[in-house]
Amino acid sequence: MTRVIGAISGTSVDGIDVALVEIAGTELDLEVNLLAARTHPYPHTLQEEILAVCGGKPLTMAALAELDDAIAGEFARAALSLLPQQLPVDLIGSHGQTVYHRPPVGSRDNGSRRLGYSLQLGRGEAISQLTGITTVSNFRAADIAAGGEGAPLVPKVDRALLGDRQKTRCVQNLGGIGNVAYLPPRSNPHETPEPILGWDTGPANSLLDLAVRRLSRGQRTYDRDGAWAATGTPCEPLVERWLQEPFFQHPPPKSTGRELFGPDYLDRCWQEAQSYALSDEDFLATLVELTVASIAVNYRAFLPVQPDEVLLCGGGSRNLYLKQRLQARLAATSNKPVSVLTTDDVGLNADFKEAIAFAVLAYWRVRGIPGNLPECTGAETPRLLGEIHRVPRRSRASIECQ
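Residues numbered from 1 in each chain as written. Predicted model: local features only at pLDDT ≥ 70, side-chain atom pairs only at ≥ 80, totals over all residues. Heavy atoms only, no water.

**Q** Can you break down the overall build of the chain residue by residue, with the values?
**A** Counting its regular elements, the chain contains 14 helices and 12 strands. On C-alpha atoms alone, the chain measures out to a radius of gyration of 21 Å, which is about the 21 Å that the 2.2 N^0.38 rule sets for 402 residues. Each of the three principal axes of the chain carries a C-alpha extent, and together these read 60 × 55 × 45 Å. For the chain, long-range pairs separated by at least 24 residues make up 70% of all intrachain contacts whose partners lie at least 6 apart in sequence. Surface accessibility of the chain: about 16,900 Å² in total, with carbon and sulfur atoms responsible for 51%. (Helix = DSSP H or I, 4+ residues; strand = E, 2+ residues; numbered from the N terminus. Rg over C-alpha atoms; globule rule 2.2 N^0.38 Å. Contact = heavy atoms within 4.5 Å. Areas by Shrake-Rupley, 256 points an atom, 1.4 Å probe, with all protein chains shown as cover.)

**Q** Residue-level account of the domain arrangement of the chain, with values.
**A** Domain parsing of the chain yields domain 1 (2-151 + 354-401) and domain 2 (155-346). Domain 1 and domain 2 are separated by 24 Å when their C-alpha centres are compared. Contacts between the two partners involve 31 residues from domain 1, matched on the other side by 25 residues from domain 2. In total, domain 1 and domain 2 occlude about 2,300 Å² of area from one another, counting both sides; carbon and sulfur atoms represent 57% of this. When the area that domain 1 buries against domain 2 is broken down by residue, the three leading residues are Thr11, Leu28 and Cys376, summing to 24%. Scanning the region where domain 1 abuts domain 2 turns up 2 salt bridges. (Domains from an automatic or database assignment. Buried area = accessible area lost by both parts, 1.4 Å probe. Salt bridge = Lys/Arg side-chain N within 4 Å of Asp/Glu carboxyl O.)

**Q** With reference to specific residues and values, describe the nonpolar core.
**A** Of all hydrophobic cores here, the largest spans 50 residues; its most connected members are Trp242, Tyr265, Phe283, Leu287, Tyr299, Val310 and Leu330. With 13 residues, the top contributor of residues to this core is helix α10 (residues 280-302). In this view, Tyr265 contacts Leu207, Trp242, Glu245, Phe248, Leu260 and Leu290; residues no more than four positions away in its chain are not counted. (Core = buried A, V, L, I, M, F, W, Y, C linked by side-chain atoms within 4.5 Å. Buried < 20%, exposed > 50% of the residue type's maximum accessible area, 1.4 Å probe, protein only.)

**Q** Any chance you could break down empty space enclosed by the protein for me, citing the residues and the numbers?
**A** In total, this model carries 1 cavity of 30 Å³ or more according to the counting rule given. Here the largest cavity is characterised by a volume of approximately 30 Å³. Looking at the largest cavity, the residues that line it are Val154, Val157, Asp158, Leu161, Leu162, Leu348, Lys353, Ile356 and Ala357. Every element with two or more residues in the lining of the largest cavity is listed here: α5 (155-162) and α12 (353-366). It is α5 that provides the largest number of residues to the lining of the largest cavity, a total of 4 residues. Here the lining of the largest cavity is composed, by residue class, of 7 nonpolar, no polar and 2 charged. (1 Å grid on protein atoms, 1.4 Å probe; cavity = no way out; pocket = protein on both sides within 12 Å on 5 of 7 lines; lining within 4 Å. Points joined across faces, edges and corners; volume = space filled by probe spheres on them. Nonpolar A, V, L, I, M, F, W, Y, C, P; charged D, E, K, R; others polar.)

**Q** A description of the pairing of strand β3 (residues 31-40) should follow, citing residues and the corresponding values.
**A** Judged from the 9 bridges that link them, strand β2 (residues 16-24) and β3 form a sheet pairing that is antiparallel. By the bridge assignment, Ile16 is partnered in β3 with His40. If you look at the hairpin formed by β2 and β3, you'll find 6 residues sitting between the two strands, and Gly25 has a positive phi there, around 90°. (Pairing = 2+ DSSP bridges.)

**Q** Account for the environment of Thr221, naming residues and giving values.
**A** Within the secondary structure layout, Thr221 lies in the loop between α6 (206-215) and α7 (236-242). The spatial distance from the C-alpha of Thr221 to the C-alpha of Asp14 is 8.6 Å, given a sequence separation of 207 residues. With sequence-adjacent residues up to four places away left out, Thr221 is seen in contact with Asp209, Val212 and Arg213.

Next comes the structure, spelled out in structure tokens:
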């Protein structure tokens, strides 16, 4: 067994999720055992600086370097907080903190396609130096260099850990941005399997969290369990208006981020809501409805068949109101019953699934196993994902004394 720490902070910038796992096997025979996990909070001033940069705040190169190292320091502290007393850790897989993401633009057909760009701060070489543990980072670059979106990178991991022999499943991540992995059943090993599909579906928590901050005047950062939104009533005409956003109609592969579904987008939503005289609760309920409606629209338009089960993960999987609304929306738009569960219900921790996934991607990288699926990202070929930063093994005591 190989012990790996996976680490990620998503577009919500609500902390660094770290998971310590034991891994064995290769791909479809992969075995993962979660040993420990926690969310390491960012210092408030660093969190606010990250959010400002994500929102377009200009930086000098010197300030960018300082921010990069500050984030790496927090990722290293998060990883070290999981080190067991006696067991060695072989590897860290660090996604880092996304501060900018631009999908590819143009068409391959006429030669106008320009590579995408995605920047994650928290450099792996600093994490490896601070922890004394080999670190894999910068996972998205290789897929982007092959013409891909650089996202989503987790569907291959989902296939290994969450695929079912009989059921068609959609694994729906609800971080700041939502993304789906479509997993057809793999019952007959002698048949050519249906392709795994995956793409970003649109906003999940990004607009909701921004709205909660605004409406609470900074006193709250998110709506626990969706309790605030649940007291409101969605404005369906407004949802239908917002669904005209071209991203929702764009076919996969596709990816997005706070660059689209961020503060400016929320401002437009707020302005458009004024003519409906919504209460704060109604506005939040309508944003929840946009999230679930965008998921349903994507499923209906781009899936070969509707799923038997939808497995939720990420912070939004704890939003009970969102879960209820998604169940109702899918029931209204699907031609068969669809169960909405969380990955907890099938044995994979929903809060830390993404951190676990980047532990697996790091494990695959050092074993020479490609981590992307071109049918999900649009890359020309499968690629080894991540850069490996090796350092001489040092004692944990010397690390802790730094």
